[in-house]
Amino acid sequence: MLGYILSETRGEADRLLASLAERLRAEGHVVAGIVQSRAPTEGAHPCDMELAVLPRGPALEISQKLGAGSRGCRLDPGSLEAAAEAVTLRLGEGADVLILNKFGPQECAGRGFAPVLALALEQGIPVLTAVNARNLDGFLRFAGGLGSQVEAGGAALDDWLRGALAG
């Protein structure tokens, strides 16, 4: 019920999960969660992004504008928490699957989307997310043996989804 894609190339999992969410919606599934709706533009900081709450928005900016010379994380924790709250509300309307674009440092610390993910699992809703190598140990601790890695390409992802949606 908890699948994760090991994300190795920046942006690859974002595109895959956004496309998957759209495909599932087109097939008639109720999809809750969040996907990247705007990637950083040319010359922008790679952490500048916008996320869209599934299934119908809104889009939320989750990065702070710190200027070109700034270093370190640009994540706006307040915006991330607002996004998690919006997803929690949508999850309360019912969902067949929860898609979260990233399980990152905030989630490893039990914040961000960690409570939403736990709520979905408690409700028997399958969850699919992406994790990068830096956050994998934190994700595995959080998952407590429930997570299963899903290959990003080909039939493996479809097979996992069919099994998860069949319940």
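Anything mentioned here points back to the structure above.
Reading the values: the criteria
Residues numbered from 1 in each chain as written. Predicted model: local features only at pLDDT ≥ 70, side-chain atom pairs only at ≥ 80, totals over all residues. Heavy atoms only, no water. Helix = DSSP H or I, 4+ residues; strand = E, 2+ residues; numbered from the N terminus. Buried < 20%, exposed > 50% of the residue type's maximum accessible area, 1.4 Å probe, protein only. Salt bridge = Lys/Arg side-chain N within 4 Å of Asp/Glu carboxyl O. Contact = heavy atoms within 4.5 Å. Core = buried A, V, L, I, M, F, W, Y, C linked by side-chain atoms within 4.5 Å. Phe/Tyr/Trp six-rings, centres within 6.5 Å; stacked < 30°, edge-to-face > 60°.

A word on the environment of Gln-123
Residue placement: Gln-123 occurs in the loop between α4 (114-122) and β6 (127-132). Gln-123 sits in the partly exposed class, given a relative accessible area of 45%. Distance from Gln-123 to Leu-91, taken between C-alpha atoms, is 9.7 Å for residues 32 residues apart in sequence.

Some details on the pattern of salt bridges
Under the criterion given, the structure shown has 5 salt bridges. Residues Arg-23 and Glu-27 are paired through a salt bridge, measuring 3.7 Å at the closest nitrogen-oxygen approach. Residue classification places Arg-23 among the partly exposed positions, given a relative accessible area of 34%. Between Asp-158 and Arg-23 there is a salt bridge whose closest N-O contact spans 2.6 Å. Note that Asp-158 is positioned in helix α6 (residues 155-166) and Arg-23 in helix α1 (residues 12-26), a separation of 135 residues in sequence.

Some details on the side chain of Asn-135
Structurally, the position occupied by Asn-135 is in the loop between β6 and α5 (136-143). What makes Asn-135 buried here is its relative accessible area of 7%.

Observations concerning the side chain of Asn-101
Structurally, Asn-101 can be placed in the loop between β5 (97-100) and α3 (105-108). With residues near it in sequence (within four places) discarded, Asn-101 still touches Asp-14, Leu-17, Ile-34, Val-35, Gln-36, Leu-51, Thr-129 and Ala-130.

Re unusual backbone geometry
That bond from Leu-54 to Pro-55 is cis: its omega, 10°, falls within 30 degrees of zero. In this structure, Pro-55 sits in the loop between β3 (50-54) and β4 (59-61). Note the cis peptide between Gly-57 and Pro-58, where omega equals 15°. Of note, Pro-58 is situated in the loop between β3 and β4.

Remarks on the nonpolar core
Nonpolar side chains in soluble globular proteins generally cluster together in the buried interior. With 27 residues, the main nonpolar core has Ile-34, Val-87, Leu-91, Leu-98, Phe-113, Val-116 and Phe-139 as its most contacted residues. Counting residues per element, the ones that place at least two in this core are β1 (2-7), β2 (31-38), β3, α2 (77-92), β5, α4, β6 and α5. Broken down by element, the residue count for this core peaks at 6 residues, all from α2. With near-sequence residues (within four places) excluded, Phe-139 lies in contact with Leu-2, Tyr-4, Phe-103, Cys-108, Thr-129 and Val-131. Ranked by size, the runner-up nonpolar core spans 18 residues in total, among them Leu-54, Leu-128, Trp-160 and Leu-161.

Details of the packing of aromatic side chains
Counting across every chain of the model gives 3 aromatic pairs. Centre to centre, the rings of Phe-103 and Phe-139 are 5.0 Å apart; their planes meet at 80°, and the pair counts as edge-to-face. Of this pair, Phe-103 sits in the loop between β5 and α3 while Phe-139 is found in helix α5, placing the two residues 36 residues apart along the sequence. Note on accessibility: Phe-103 and Phe-139 belong to one class, buried. Considering the side-chain rings of Phe-103 and Phe-142, the 5.2 Å spacing of their centres and the 50° angle between planes classify their relative orientation as tilted. Placement of Phe-103 in the loop between β5 and α3 and of Phe-142 in helix α5 is noted, with a sequence separation of 39 residues between them.

Don't take any of this as a statement about function, it's just geometry.
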